[in-house]
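The residues making up each chain are set out below.
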Amino acid sequence: MSLRLSERKILLFLGDVIAVGTALLIVLALRFALPLSGRTVIAHPTWFGLLIGLWSLCAPLLDAYDLRRASRVGSGVGVGAVVALLVALIYLGIPYYTPYLPASRLTAFLFLLLVVGLVSAGRAAYALFLVQPTFRHRVLVVGAGWAGRTLVEAVRTRAPTEYDLVGFIDDDPTKRTEPIDGLGVLGTSADLRRVVQEHGVSEVVVAARNNELDFVI
């Protein structure tokens, strides 16, 4: 069930869009007694399309889909709340193309509260659940030389919550005596299939020159 980075971003975006759309649905149901269902969305596509369009514009500008930030509850919820508040305020300030929510201060405040609250809740759920081992990629690095160590450092720096580094594969016997950057050399190229099966590896990354290994992938 491991998810690619692009899939995680899409899932996070869909969660945000559902949250802001649900907030608007609830407020419309309370303010104008409109159905709390998809019928309201179909009947007023401009209202919901504009809200989603504002989110699609503002969220990337504020770097809301940086997965390193989104994977931590504090920073993920924080940036989500800021974007939600900004989008809601802009939405309330646009005349003619949006429902007249500012006519009631209580309704306007409720809309702001719901947008921020639902987006924050969705992002907290993302940070708590989608970084669990079930959804992470288990990566085996082929090559424990400079390229392999550089790759490990890059993964730990840029995507620490998306990938679990299992270890290295390398044909050099001198590299099997001690851990390299905290990871062990689990075998040679001849052991690749066994290591993949034993450690539940989901991705094999080759980080070696041709003459460093006895096989070619």
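Every chain's residues receive numbers from 1 upward, in the order its sequence appears when written. Local features in a predicted model are, by the rule used here, given only for residues with pLDDT of at least 70; side-chain atom pairs are given and counted only at 80 or more, and totals for whole chains, interfaces and linings are based on all residues. Processing note: side-chain calculations cover all non-hydrogen atoms of the structure and skip hydrogens and water entirely.

In this section: the overall build of the protein chain. Secondary structure elements follow DSSP: runs of H or I of four or more residues count as helices, runs of E of two or more count as strands, with numbering from the N terminus. A count of helices and strands for the protein chain gives eight helices and three strands. Along the protein chain, helices and strands appear, N-terminal first, in the series α-α-α-α-α-α-β-α-β-α-β. C-alpha atoms define the radius of gyration, and 2.2 Å times the number of residues to the power 0.38 defines the globule rule. Taking 2.2 N^0.38 as the reference for a compact globule, 217 residues should give roughly 17 Å; the C-alpha atoms of the protein chain span a radius of gyration of 24 Å, well beyond that estimate. Counting only C-alpha atoms, the protein chain reaches 75 × 25 × 25 Å along its principal axes. Out of the 217 residues in the protein chain, the part that is buried amounts to 41%. Note on classification: 1.4 Å probe, protein chains only; a residue is buried when its accessible area is under 20% of the maximum for its type, exposed when over 50%, partly exposed between these limits.

Before going further, it helps to examine helix 5 (residues 73-92). The first and last C-alpha atoms of helix 5 sit 28 Å apart over 20 residues, in line with the 28 Å expected at 1.5 Å per residue. Along helix 5, the residues classified as buried are Gly76, Val79, Gly80, Val83, Ala84, Val87, Ala88, Tyr91 and Leu92. Contacts: residue pairs with any heavy atoms within 4.5 Å of one another. Residues of helix 5 that are buried sit in contact with helix 1 (5-32), helix 3 (45-61), helix 4 (67-70) and helix 6 (105-129). The span expected for a helix works out to 1.5 Å for each residue beyond the first.

What follows deals with the environment of Val87. Here Val87 is to be found in helix 5. Val87 sits 30 residues away from Leu57 along the chain, and the two C-alpha atoms are 9.2 Å apart. Filtering out sequence-adjacent residues up to four positions away, Val87 remains in contact with Leu51, Leu54, Trp55 and Cys58.

Each aromatic pair joins two rings of Phe, Tyr and Trp (for Trp, the six-membered one) with centres within 6.5 Å, and gets the label stacked for planes under 30 degrees apart, edge-to-face for over 60, and tilted for any other angle. Summed over all chains, the structure comprises two aromatic pairs. Between Tyr91 and Phe111, the aromatic rings sit 5.7 Å apart at their centres with planes inclined by 40°, giving tilted as the arrangement. Here the residue Tyr91 occupies a position in helix 5, and Phe111 occupies one in helix 6, the gap between them amounting to 20 residues. You'll find Tyr91 and Phe111 in the same group, each marked buried. In this arrangement the basic side chain of Arg123 is found over the ring face of Tyr65, its NZ or CZ atom lying 5.3 Å from the centre. Counting as a charge over the ring demands two things of the Lys NZ or Arg CZ atom: a distance within 6 Å of the ring centre and an angle within 35 degrees of the ring normal.

Moving on, we get to the confidence of the model for the protein chain. Predictor confidence is given residue by residue as pLDDT, running from a minimum of 0 to a maximum of 100. Summarising the model, the protein chain shows a mean pLDDT of 87, and 91% of its residues fall at 70 or more. In the model of the protein chain, helix 4 stands out as the element of lowest mean pLDDT, 83, in contrast to helix 3, which has the highest, 96. Below a pLDDT of 50 lies the segment residues 212-217, which in the model reaches 13 contacts outside its immediate sequence neighbourhood of four places, other chains included.

This paragraph deals with the pattern of salt bridges. Salt bridges are counted wherever a side-chain nitrogen of Lys or Arg sits within 4 Å of a carboxyl oxygen of Asp or Glu. Enumeration according to the criterion identifies five salt bridges in this entry. Put simply, Arg194 and Asp191 hold a salt bridge, and the shortest N to O gap is 3.9 Å. Of the residues examined, Arg194 reaches a relative accessible area of 35% and is grouped as partly exposed. According to the relative accessible area criterion, Asp191 is partly exposed, its value standing at 23%. Put simply, Asp191, Arg194 and Glu198 are held in one network by salt bridges that share partners.

Here the focus is the packing of helix 1 against helix 6. Axis lines are fitted to C-alpha atoms, over the contacting stretch for helices. Their N-to-C directions set the angle, which ranges from 0 to 180 degrees. In contact at an axis separation of 9 Å, helix 1 and helix 6 are set at 155° when each is read in the N-to-C sense. One element, helix 1, and the other, helix 6, form an angle in the roughly antiparallel class. Along this stretch, helix 1 crosses helix 6, giving a crossing that reads as right-handed. Contact residues: Arg8, Leu12, Asp16, Ala19, Val20, Thr22, Ala23, Leu24, Ile26, Val27, Leu30 and Arg31 in helix 1; Thr107, Leu110, Phe111, Leu114, Val115, Leu118, Val119, Arg123 and Tyr126 in helix 6. Considering only residue class, the contact of helix 1 with helix 6 consists of 15 nonpolar, two polar and four charged. Each angle gets one of four labels, with under 35 degrees taken as roughly parallel, over 145 as roughly antiparallel, 65 to 115 as roughly perpendicular, and the rest as oblique. Crossings are classed by handedness, with left-handed meaning an anticlockwise turn of the near helix from the far one by less than a right angle and right-handed meaning a clockwise turn. Note that Gly is not counted as nonpolar here; it falls among the polar residues with everything else outside the nonpolar set of Ala, Val, Leu, Ile, Met, Phe, Trp, Tyr, Cys and Pro and the charged set of Asp, Glu, Lys and Arg.

Relative to the elements of secondary structure, Thr107 occurs in helix 6. Ignoring sequence-local partners within four residues, the contact set of Thr107 consists of Val27, Arg31 and Leu101.

Our focus in this paragraph is the sheet that holds strand 1 (residues 137-142). The strand order across the open sheet formed by three strands is 2-1-3, and the pairing between neighbours is parallel. Pairing within the sheet leaves two strands with one partner each, and these edge strands are strand 2 (163-169) and strand 3 (203-206). When the angles between neighbouring strand axes are averaged without regard to direction, this sheet yields 25°. One requirement defines pairing of two strands: DSSP has to find at least two bridges between them. Across four bridges, the pairing between strand 1 and strand 3 is parallel. By the bridge assignment for strand 3, Val142 is matched with Val206.

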